[in-house]
Protein chains: 2
Amino acid sequence: MGDDIAARLTLGEGHTPIVSAGSDLEGVALKLEFVFPTLSFKDRGAVVLIASAVERGARRVVADSSGNAGSAIAAYAARAGLECQVFVPAAISARKRAQILAYGASLECVAGDRTAAAEAAIAAVARTGATYASHIYNPYFLQGTKTFAFELWEQLGRGVPDAVIVPAGNGTLALGAARGFSELQAAGLIERVPALIALQSECCAPLAQAWTMGSREPVDVEVTPTSAEGIAIPRPARGAQILAAVAHSGGCVVSVPEVAIEPAQRDLAARGLFVEPTAALVWAGLLIARHHPAVRGIAVESEGWTVARALTRGNVAVPLCGSGLK
Amino acid sequence: MGDDIAARLTLGEGHTPIVSAGSDLEGVALKLEFVFPTLSFKDRGAVVLIASAVERGARRVVADSSGNAGSAIAAYAARAGLECQVFVPAAISARKRAQILAYGASLECVAGDRTAAAEAAIAAVARTGATYASHIYNPYFLQGTKTFAFELWEQLGRGVPDAVIVPAGNGTLALGAARGFSELQAAGLIERVPALIALQSECCAPLAQAWTMGSREPVDVEVTPTSAEGIAIPRPARGAQILAAVAHSGGCVVSVPEVAIEPAQRDLAARGLFVEPTAALVWAGLLIARHHPAVRGIAVESEGWTVARALTRGNVAVPLCGSGLK
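Note that this is a predicted model, so its numbers are computed, not measured.

Definitions and limits used
- Residues numbered from 1 in each chain as written.
- Chains lettered and ligands numbered in written order.
- Predicted model: local features only at pLDDT ≥ 70, side-chain atom pairs only at ≥ 80, totals over all residues.
- Heavy atoms only, no water.
- Core = buried A, V, L, I, M, F, W, Y, C linked by side-chain atoms within 4.5 Å.
- Buried < 20%, exposed > 50% of the residue type's maximum accessible area, 1.4 Å probe, protein only.
- Contact = heavy atoms within 4.5 Å.
- Helix = DSSP H or I, 4+ residues; strand = E, 2+ residues; numbered from the N terminus.
- Phe/Tyr/Trp six-rings, centres within 6.5 Å; stacked < 30°, edge-to-face > 60°.
- Least-squares fit on C-alpha atoms with pLDDT ≥ 70 in both.
- Buried area = accessible area lost by both parts, 1.4 Å probe.
- Salt bridge = Lys/Arg side-chain N within 4 Å of Asp/Glu carboxyl O.
- Polar contact = N/O pair within 3.5 Å; in protein donor to acceptor, adjacent residues only side chain to side chain.
- Domains from an automatic or database assignment.
- Nonpolar A, V, L, I, M, F, W, Y, C, P; charged D, E, K, R; others polar.
- Axes fitted to C-alpha atoms, helices over the stretch in contact; angles between N-to-C directions.
- Parallel < 35°, antiparallel > 145°, perpendicular 65-115°, else oblique.
- Left-handed = near helix turned anticlockwise from the far one by under 90°.
- Pairing = 2+ DSSP bridges.
- 1 Å grid on protein atoms, 1.4 Å probe; cavity = no way out; pocket = protein on both sides within 12 Å on 5 of 7 lines; lining within 4 Å.
- Points joined across faces, edges and corners; volume = space filled by probe spheres on them.

**Student:** Mind laying out the nonpolar core, listing which residues take part and the relevant values?
**Tutor:** Ranked by internal contacts, the top residues of the largest apolar core, which has 154 residues, are Trp283 of chain A together with Trp283 of chain B. In contact with Trp283 of chain A, other than residues within four places in its own chain, are Ala21, Leu25, Val28, Leu30, Ala264, Asp267, Leu268, Arg271, Val318 and Leu320 of chain A.

Structure (structure tokens):
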């Protein structure tokens, strides 16, 4: 990729802080994946995605998103001077909509779930000939998100934790992290990859249910509303790949009760960190796995949770992927 | 300051990105001072302020703020396990109020301007014996904000620009930057300090009017509403110090027309950066000084602006201090 394109597009994204959770949670490191120019980790992927689009001569890009990827793609498209159209589910937060519009993108609110927004975007691409700047299908996006793994390795003194807890909707962080850790291993820099503990909301858990059933493909699920809108993906296009990556890492996929999100968000705020519900769900997973008092009385029992509890006894890294102001 | 306190409190604040503005604005570097754990540069000062409070045995802190400093102090107070009470003008944005509350602080909305909020905070300190965590009077805050200057020097290859444009309300960045540049000069690392171009809103310009009149003290002004709420300070406590620092640097203080804020905010968004109005005002100042088409037709004429235009012909750094989601 041309160095001049990268230099022109970058907003200095990445190198996010890593901090200890506190003395009550020995061995837990938080990586502040919301300390980004557009306030979410999606900037890691968006800058590479848009740079590749520019290099291939794109003039107009179309994206679909539950909000954060749409903001990131809109921001870098603006910086690149590309027209940008973003399709989102109509139900996403008003702030996420405002942010996408702020970058000058045109915003299309689609009735229905996240998959309906994707279908509308694909139809628009077919109709107009614009470039499909998909953070799910386009492999360049994961080439950006894999830097999460590289940074973690650097920040932990050229090492990796025993486990990494990741949100799992379309899996842009899970798959990016898996790829990054595999590359570190292939380069002889780490002996084994960390176990990935992938979390879904109990309200939309096609991967967690597949994991429980031993299916290699996401299963059809009934969806109910969740505040963790960033991972409410009923039919994840790369679902089989996510399940395979988690299995390869020795991890597990579990679902988190909706009722755990709010206490987890409060617990994080008391540690000085204000994050959006999707990020708080990931923290809820850690608190549940560690039997933390903040989630006392919230019951989860499954083979996956037994594995998650065992895996989180050692050193764990937890990314917090979106700001509370989102 | 105890290393253990710093290690426990830090959220990895600082080392914010620096990026070029674009090919239409040669020599202009943007420093993204909103890419912070609480989404504003105030984290630089808050972490040092709260660490010093902890070291001196504080249990409860009181602060007053137009929003961003209050959020930062509330976040680090939460992390330190201190009770925190924040006094704000009732008119600040709902998001800023929500953010302060999210960190578990108690929020007191005071009728009147920013000075009324400060007076209410000082009265509460006198009444309760809590520690006054003031980002204006407490010198530790500026010990934190001075790191802005050190980072700039590092990021520009051990050098400084000809001029730095800073917002000027209570002057926490202006005074911190001035101190940092002076320390670099005293250490023999730079030959001369950059000229500080301090910007106020035309709706609340006690320092800009003092500058024009040749007064060494801020003057009494009539205040009208401005969207740049972060610098709407009618009677800045350190006003004389700000005026002296600007004069010492060879810079100037000018006021920016309210009508320039929105075009500047749009211009920045087209560069991939979504910031709050106070930060957009600073960008408006640069655009006006550089005769940029985005602010064509917006008239400013004064001796200060003549100086600002001359100073910004060379290399200029512009901090963008608060996220657009604030």
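**Student:** Explain the side chain of Gln200 of chain B residue by residue, including any values.
**Tutor:** Residue placement: Gln200 of chain B occurs in strand S8 (residues 195–201). Exposure remark for Gln200 of chain B: the relative accessible area of 0% places this residue in the buried category.

**Student:** An account of the packing of aromatic side chains is requested, with residue identities and associated values reported.
**Tutor:** One pass over the structure, following the stated rule, counts four aromatic pairs over all chains. Ring geometry for Tyr103 of chain A against Phe274 of chain B: centres 6.0 Å apart, planes inclined by 70 degrees, an arrangement best described as edge-to-face. Highlighted residues: Tyr103 of chain A in the loop between helix H4 (94–102) and strand S5 (106–110) and Phe274 of chain B in the loop between helix H11 (261–269) and helix H12 (277–289), drawn from two different chains. A single burial state applies to Tyr103 of chain A and to Phe274 of chain B, both of which are buried. Arranged with centres 6.2 Å apart and planes meeting at 45 degrees, the rings of Tyr132 of chain B and Tyr137 of chain B form a pair that is tilted. By relative accessible area, Tyr137 of chain B is classed as partly exposed at 47%.

**Student:** Talk me through unusual backbone geometry; I want residue IDs and the actual numbers.
**Tutor:** Its identity as a non-glycine residue notwithstanding, Arg158 of chain A has a phi of 60 degrees, on the positive side. Assignment of secondary structure puts Arg158 of chain A in the loop between helix H7 (147–155) and strand S7 (163–167). Backbone geometry places His15 of chain B, a non-glycine residue, at a positive phi of 55 degrees.

**Student:** I'd like a rundown of the relation of the copies chain B and chain A, residues and numbers included.
**Tutor:** With an RMSD of 0.0 Å, the fit of chain B onto chain A corresponds to turning through 180 degrees and sliding 0.0 Å along the axis. Here the symmetry operator amounts to a two-fold rotation axis. Among all residues of chain B, the minimum C-alpha distance to the rotation axis is found for Val35 of chain B, at 2.7 Å. Of the residues that chain B buries at the interface, 100% are likewise interface residues in chain A, meaning the two copies contact each other through the same surface.

**Student:** Can you lay out the interface of chain B and chain A for me, pointing to particular residues and giving the numbers?
**Tutor:** How large an interface is tends to be reported as the accessible area lost when its parts come together. The interface is formed by 30 residues belonging to chain B together with 30 residues belonging to chain A. Between chain B and chain A, the buried area comes to about 2,600 Å², and carbon and sulfur atoms account for 63% of it. Ranking the residues of chain B by area buried against chain A places Arg79, Arg95 and Leu325 of chain B at the top, with a combined share of 24%. There are zero salt bridges connecting chain B and chain A. Joining chain B to chain A, the criterion identifies six residue pairs in polar contact (both at pLDDT 80 or more). At the level of secondary structure, the elements contributing two or more residues to the side of chain B that touches chain A comprise strand S1 (18–20), helix H3 (68–80) and helix H4 (94–102) of chain B.

**Student:** So, the domain arrangement of chain A: which residues are in play, and what are the values?
**Tutor:** All names here are of chain A. According to the domain assignment, chain A contains domain 1 (3–41 + 141–319) and domain 2 (43–137). Distance from the C-alpha centre of domain 1 to the C-alpha centre of domain 2: 23 Å. Across the contact, 34 residues belong to domain 1 and 31 residues belong to domain 2. When the two sides are added together, the surface that domain 1 and domain 2 hide from each other amounts to roughly 2,700 Å², 55% of it contributed by carbon and sulfur. Taken together, the connections running from domain 1 to domain 2 amount to four salt bridges. With a closest N to O distance of 2.8 Å, Lys96 and Glu276 form a salt bridge. The tally of links from domain 1 across to domain 2 stands at 19 residue pairs in polar contact (both at pLDDT 80 or more). Of all elements in the fold, only helix H1 (3–9), helix H6 (139–145) and H7 reach the threshold of two or more residues within the side of domain 1 that touches domain 2. Partitioning the side of domain 1 that touches domain 2 into residue classes produces 13 nonpolar, 12 polar and nine charged.

**Student:** For the packing of helix H9 (residues 206–213) of chain B against helix H10 (residues 239–249) of chain B, give the residues involved together with the corresponding values.
**Tutor:** All names here are of chain B. Viewed as axis vectors pointing N to C, H9 and H10 meet at an angle of 55 degrees, and their least axial separation amounts to 10 Å. The pairing of H9 with H10 is recorded here as oblique in orientation. Helix-helix and strand crossings are classified by hand; for H9 and H10 the assignment is right-handed. From H9, Leu207, Ala210 and Trp211 reach across to H10, where they touch Gly239, Ile242, Leu243, Val246 and Ala247.

**Student:** Could you give an account of the sheet that holds strand S1 (residues 18–20) of chain A, with specific residues and numbers?
**Tutor:** Residues and elements named next belong to chain A. Spatially, the six strands line up as an open sheet ordered S1-S2-S10-S7-S8-S9, and their pairing is mixed. Strands at the two margins of the open sheet, each flanked by one partner only, are S1 and strand S9 (252–256). Looking at each pair of strands side by side, their axes are set apart by 25 degrees on average, direction ignored. The sheet contact formed by strand S8 (residues 195–201) and S9 spans five bridges and is parallel. By the bridge assignment for S9, Ser201 is matched with Val256. Against the sheet, H7 contacts S1, strand S2 (28–31), S7 and strand S10 (316–319), and its axis sits at roughly 130 degrees relative to S2.

**Student:** Describe the layout of surface pockets, and please don't skip the residues or the numbers.
**Tutor:** The calculated volume of the largest pocket comes to roughly 320 Å³. Lining the largest pocket are 17 residues, and of these Ala21, Gly22, Ser23, Asp24 and Arg271 of chain B lie nearest its centre. Elements with a contribution of two residues or more to the lining of the largest pocket: H1 and helix H3 (68–80) of chain A together with strand S2 (28–31) of chain B.

**Student:** Kindly report on the sheet that holds strand S6 (residues 131–132) of chain B, identifying the contributing residues and their values.
**Tutor:** A sheet is described by the order of its strands in space; here four strands give the open sequence S5-S4-S3-S6 (chain B), paired in parallel fashion. If you trace the sheet from one side to the other, it starts and ends with strand S5 (106–110) and S6 of chain B, each paired once.

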